Amino acid sequence: MTGRVRVCLAGATGWVGRALATAISEAPDLELAAAVARRHAGRPLSEAVTGLRSEVIVARSVEEALTDPCDVLVDYTGPEAVRGHVLEAVSRGVSAVVGTSGLSDEDYAVIDAAARERGVGVLAAGNFAVTAVLLQRLAEIAAQHVPHWEVIDYGKSSKPDAPSGTARELASRLARIGKPQSGHPVEETRGLREARGATLHGTQMHSVRLPGFVSSIEILFGLPEERLSIRHDSSSGAAPYVAGTLLAIRRVRSFTGLKRGLDSVMDF
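As the structure is a prediction and not an experimental result, all values here were calculated from the model.

> Which parts of the structure should I look at to understand the pattern of salt bridges?
Where charged atoms of side chains with opposite charge meet at close range, the side chains can pair. Within the structure shown, the criterion is met by 17 salt bridges. Between E218 and R231 there is a salt bridge, with its nearest N and O atoms 3.5 Å apart. Placement of the pair is E218 in strand β10 (residues 215–223) and R231 in strand β11 (residues 226–234), with a sequence separation of 13 residues. Of the residues examined, E218 reaches a relative accessible area of 12% and is grouped as buried. According to the relative accessible area criterion, R231 is partly exposed, its value standing at 37%. It is possible to trace a salt-bridge network through shared partners that takes in R137, E140, R173, R176 and D263.

Take a look at the structure:
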């Protein structure tokens, strides 16, 4: 036992996973104990991640990876698999950090109940970038003073989930403040109701999926004769997500149950 936090990284050869694997292996208080990536299963992770100094052999599944002692599962895989991965970790008494989007409120409720029963923590964030966290906080402040808003989320053309995890999380947080006012009820729209977007927790959501975008979110507030726009944009680099995920790994074992949003463990 080294005293370091032992991390199992699912999605270790993905866009964020590669950068995160290196960051974990280089952190003095963390240990990359296991990794999951189906296409590289059975091979050293160092073959897939250039410059990585690690002897970890890639597992085919989370179940297989968690046979090695681990303290925290970090999941950057896909929306179809993440719920099962997190519940598997929780059932083994392993905390989890969820960077994968696509979970529903029902999924989060199930995960929260399981985590509380096992006495472990789960931290899920639609976006681990600090500027995205600030957007959410600033939007909550604005919503207390401006009762009209809508959300637009932008993603690459191949992004399968809509709205994004960041947008879902934002809508959930705004719902705790209240529902936005509407000049004309969405359900009474003339023409195509779908043109007004989807309604999530009372907020109108519009998802754009086009080449040229990576991940962006914008919330628009309006009052007579004035508007406010708060926007977060991510480029192609994974660095913003790595820093936030490392913070989550270090904090997730300090509580029990589910927390949503990186700011829930940040000091403001």
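> Explain the pairing of strand β1 (residues 5–10) here, please?
The two faces of the sheet receive side chains in turn, since in a regular strand these alternate between them. Among the six residues that make up β1, five are buried, leaving the element largely enclosed by the rest of the structure. With six bridges joining them, β1 and strand β2 (residues 30–36) adopt parallel strand pairing. Considered in β2, the bridge of R6 is made with E31. Note on the crossover from β1 through helix α1 (residues 15–26) to β2: the handedness is right-handed. Of the pairings in the sheet, the one linking β1 to strand β4 (residues 72–75) comprises four bridges and is parallel in character. Bridging across to β4, V7 finds its partner in V72.

> Just to check I follow, could you spell out the packing of aromatic side chains for this structure?
Centre distance and the angle of the planes are the two values used to describe a pair of aromatic rings. Applying the stated rule across the entire model yields four aromatic pairs. With a centroid separation of 6.0 Å and 55 degrees between ring planes, the pair formed by W149 and F221 is classed as tilted. Pair noted here: W149 is in strand β7 (residues 149–155) and F221 is in strand β10, with a separation of 72 residues, a long-range link. For the pair shown, W149 and F221 are each scored as buried. Across from the ring centre of Y154, 4.6 Å away, lies the NZ or CZ of R231, which sits over that ring.

> Where do I start with the sheet that holds β11 in this structure?
Spatially, β8-β9-β7-β10-β11 is the arrangement adopted by the five strands of the open sheet, whose pairing is mixed. The two strands at the open ends of the sheet, each matched to only one other strand, are β8 (198–200) and β11. The average undirected angle you get between the axes of adjacent strands in this sheet is 25 degrees. As judged from the six bridges shared by β7 and strand β9 (residues 203–209), these two strands associate in the parallel manner. What sits directly across from Y154, in β9, is V208.

> How should I be thinking about the sheet that holds strand β12 (residues 257–260) in this particular structure?
Adjacent strands of a sheet form backbone hydrogen bonds with each other and so pair up, either parallel or antiparallel. Strand order in this open sheet of seven strands is β3-β2-β1-β4-β5-β6-β12, and the pairing throughout is parallel. One side of each edge strand has no neighbouring strand; the edge strands of this open sheet are β3 (58–59) and β12. Judged from the four bridges that link them, β4 and strand β5 (residues 95–98) form a sheet pairing that is parallel. Bridge pairing in β5 links D75 to V98.

What counts and what doesn't
Residues numbered from 1 in each chain as written. Predicted model: local features only at pLDDT ≥ 70, side-chain atom pairs only at ≥ 80, totals over all residues. Heavy atoms only, no water. Salt bridge = Lys/Arg side-chain N within 4 Å of Asp/Glu carboxyl O. Helix = DSSP H or I, 4+ residues; strand = E, 2+ residues; numbered from the N terminus. Buried < 20%, exposed > 50% of the residue type's maximum accessible area, 1.4 Å probe, protein only. Pairing = 2+ DSSP bridges. Right-handed = clockwise from strand over helix to strand, strands pointing away. Phe/Tyr/Trp six-rings, centres within 6.5 Å; stacked < 30°, edge-to-face > 60°. Lys NZ or Arg CZ within 6 Å of the ring centre and 35° of its normal. Axes fitted to C-alpha atoms, helices over the stretch in contact; angles between N-to-C directions.

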